[in-house]
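Working through the structure, step by step
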Amino acid sequence: MSTILEIKNLNLGFNLSDGFRQAVWDVSFSLERGETLAIVGESGCGKTVSTMSILQLLPETAKIQSGEICFDGENLLNLSQKQMQKIRGKRIALIPQDPMTSLNPLYTIGNQLLEVIELHQGLKGKEAFDVALNALEKVKIPDAKEKMSAYPHEFSGGMKQRVIIAMALACHAEVIIADEPTTALDVTVQAQIMEILREIKKQENLSVILITHDLGIVAQNADKVAVMYAGRIVEYAPVKELFKNPKHPYTKALLNVILDINTEKVETIDGQPPSIENNISGCPFHPRCAQCMEICVKKNPPKRTIDGSVVCCHLYD
Ligand SMILES: Nc1ncnc2c1ncn2[C@@H]1O[C@H](COP(=O)(O)OP(=O)(O)OP(=O)(O)O)[C@@H](O)[C@H]1O
Ligand SMILES: [Mg+2]
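What counts and how
- Residues numbered from 1 in each chain as written.
- Chains lettered and ligands numbered in written order.
- Predicted model: local features only at pLDDT ≥ 70, side-chain atom pairs only at ≥ 80, totals over all residues.
- Heavy atoms only, no water.
- Phe/Tyr/Trp six-rings, centres within 6.5 Å; stacked < 30°, edge-to-face > 60°.
- Helix = DSSP H or I, 4+ residues; strand = E, 2+ residues; numbered from the N terminus.
- Buried < 20%, exposed > 50% of the residue type's maximum accessible area, 1.4 Å probe, protein only.
- Patch = residues over 30% accessible without salt bridge, like charges linked within 9 Å, V, L, I, M, F, W, Y side chains within 5 Å.
- Areas by Shrake-Rupley, 256 points an atom, 1.4 Å probe, with all protein chains shown as cover.
- Salt bridge = Lys/Arg side-chain N within 4 Å of Asp/Glu carboxyl O.
- Near = heavy atom within 4 Å.
- Polar contact = N/O pair within 3.5 Å; in protein donor to acceptor, adjacent residues only side chain to side chain.
- Nonpolar A, V, L, I, M, F, W, Y, C, P; charged D, E, K, R; others polar.
- Pairing = 2+ DSSP bridges.
- Axes fitted to C-alpha atoms, helices over the stretch in contact; angles between N-to-C directions.
- Contact = heavy atoms within 4.5 Å.
- Expected span 1.5 Å × (residues − 1).
- Arc of directions from axis to C-beta.
- Disulfide = S-S within 2.5 Å.

Glancing now at the packing of aromatic side chains. The full count for this structure, using the stated rule, is three aromatic pairs. Ring centres of Y250 and F285 lie 5.1 Å apart, and the angle between their planes is 65°; this geometry places the pair in the edge-to-face category. Remark: F285 occurs in the loop between β12 (265–266) and α11 (294–298) and Y250 occurs in helix α10 (residues 249–256); sequence separation between them is 35 residues. F285 shares its class with Y250; the two are buried.

Listed below in structure tokens is the structure:
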């Protein structure tokens with residue numbers, strides 16, 4: 001296997017009205033060709049900003065303090081906006097939670113597909129049309145030829161998401177970043193979209209970063225998992241190892257968030273993750289951790305490698 005993308009020691013934050021606040025701390029992960037990396041963690045833990053830094057689609061107030069984002073051997077942070085445009089949407093594609101953030105309501109599906117094919121592949125006329133049609137057929141849009149002249153509002157949420165995936169396919173994207181791609185969809189449609197993603201990933205040997213809250217989706221789709229908490233990766237492990245032998249108390253707690261069908265009670269993790277505005281000493285998870293020790297309050301745990309997993313927890317000192 002060869003590495004297509006590697007994030008090394010990424011630190012980034014935001015300029016807020018009362019000063020700079022760090023949101024992502026020393027985040028490192030890598031993605032091999034043909035592999036799916038899932039990123040999980042509660043809301044606000046830094047999944048989106050970490051991955052948007054790859055595409056350099058961060059808010060104006062964001063600042064990358066340090067780190068490297070190596071894509072196919074090149075540090076993307078050294079590229080100009082113009083060079084980045086050749087990568088964004090072409091070699092690295094984004095599937096957002098809401099497909100309408102990527103589709104223009106004023107143009108037909110066909111026009112939008114043809115536009116990206118022309119822009120990124122330099123194809124025109126019938127050649128471009130055939131590529132577009134082929135991509136729509138690969139994502140199993142029924143009557144694809146007729147659908148080329150439909151507008152986004154004529155499509156359901158699931159069908160719109162298929163169009164976004166078709167755009168990535170038509171451009172021969174090598175990496176797909178899917179940020180909660182099925183959260184807005186009902187369960188059956190969710191399953192269909194995930195199946196299409198799995199299929200095209202296999203066919204095209206794509207590498208996928210999959211951000212999700214759904215551990216069932218993780219188990220079915222991921223090769224490895226990064227568990228994020230308070231802007232840090234607290235556990236980074238092959239998917240089987242993570243489910244069989246979770247190491248960080250936060251990972252264990254996440255795996256325990258399940259609905260008890262008998263009592264209809266949801267087992268949750270007590271408390272809230274810290275916000276970036278609050279400075280927290282020691283391990284950021286310590287206020288919620290059932291296994292908190294004295295050292296956890298004082299010192300942030302370093303990264304350690306155990307049984308092929310990377311874990312940040314004093315239990316393994
Ligand atoms: N534009 C912004 N200005 C200031 N802080 C921000 C901004 N965008 C994100 N943040 C902060 O950065 C942190 C990480 O946010 P991020 O959106 O990456 O979380 P997430 O893990 O994707 O959450 P969710 O599951 O809700 O999508 C949060 O604390 C958030 O408040
Ligand atoms: Mg997010």
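Structure's up, so let's keep going.
Our focus in this paragraph is a nonpolar patch on the surface. A surface patch of nonpolar side chains, amounting to about 200 Å² of accessible area, comprises M293, I295 and L315. Take L315: it is sitting in the segment after β14 (309–311).

Another aspect to go through is the site of ligand 1. As a structural note, the neighbourhood of ligand 1 is formed by 14 residues, with S43, G44, K47, T48 and V49 the closest of them. Within the side chain of S43, a nitrogen or oxygen atom sits 2.4 Å from an oxygen atom of ligand 1. When ligand 1 is considered free in solution it has 630 Å² of accessible area, and contact with the protein chains removes 69% of it. When contributions to the shell around ligand 1 are tallied by element, the ones reaching two or more residues are β1 (3–16) and α1 (47–55). Ranked by the residues each element gives to the shell around ligand 1, the list is headed by α1, at three residues. For the shell around ligand 1, a count of residues per class yields seven nonpolar, five polar and two charged.

On the basis of which strands lie adjacent, the open sheet formed by eight strands has the order β6-β7-β8-β3-β9-β10-β14-β13 and mixed pairing. Looking along the sheet, the strands with just one partner apiece sit at the ends: β6 (92–95) and β13 (304–306). Each strand axis lies, on average, 20° off the axis of its neighbour in the sheet, ignoring direction. Across three bridges, β13 lies against β14 in antiparallel orientation. In the strand pairing of β14, I306 is matched with S309. Lying over the sheet, α1 contacts β3 (36–40), β6, β7 (175–179), β8 (207–211) and β9 (224–229), oriented at roughly 150° with respect to β8.

Across the sheet, which stays open at both edges, the four strands sit in the order β2-β1-β4-β5 with antiparallel pairing between neighbours. Each edge of the open sheet is held by one strand with a lone partner, namely β2 (19–32) and β5 (74–75). Relative to β2, β1 is paired through ten bridges, and the arrangement is antiparallel. Within β2, the residue paired with I7 across the bridge is F29. The strands touched by α1 within the sheet are β1, β2 and β4 (62–71), with β1 carrying the most contacts at an inclination of about 115°.

Our next topic: the environment of Q220. Along the polypeptide, Q220 turns up in helix α8 (residues 215–221). A relative accessible area of 56% places Q220 in the exposed class. In this structure the C-alpha to C-alpha distance between Q220 and V239, which are 19 residues apart in sequence, comes to 9.4 Å.

Attention now moves to α1. Among the nine residues that make up α1, eight are buried, leaving the element largely enclosed by the rest of the structure. Turning to α1, its buried residues number three or more, namely K47, V49, S50, T51, M52, S53, I54 and L55. Immediately downstream of α1, the backbone of Q56 shows phi near 55°, a positive value.

With that settled, consider helix α4 (residues 125–138). With 14 residues, α4 should reach 20 Å at 1.5 Å per residue; the first-to-last C-alpha distance of 20 Å fits that figure. Regarding α4, the residues found buried are A128, A132, L133, A135 and L136. Projected onto a plane normal to the axis of α4, the buried residues spread over an arc of 160° and lie on a single side. In this structure, α4 carries K126 and E127 as exposed residues pointing more than 90 degrees from its buried face. The elements touched by buried residues of α4 are α3 (109–121), α5 (144–147) and α6 (157–170). The first or second residue beyond α4 is K140, which carries a positive phi of 60°.

In total, this model carries zero disulfides according to the counting rule given. Looking at the unpaired C45, the closest cysteine sulfur is the one in C312, lying at 14 Å. By relative accessible area, C45 is classed as buried at 3%. Here C312 stays unpaired: no disulfide links it, and the sulfur of C283, its closest cysteine neighbor, is 8.3 Å away.

From the geometry alone we can't say anything about function, so treat these as descriptive.
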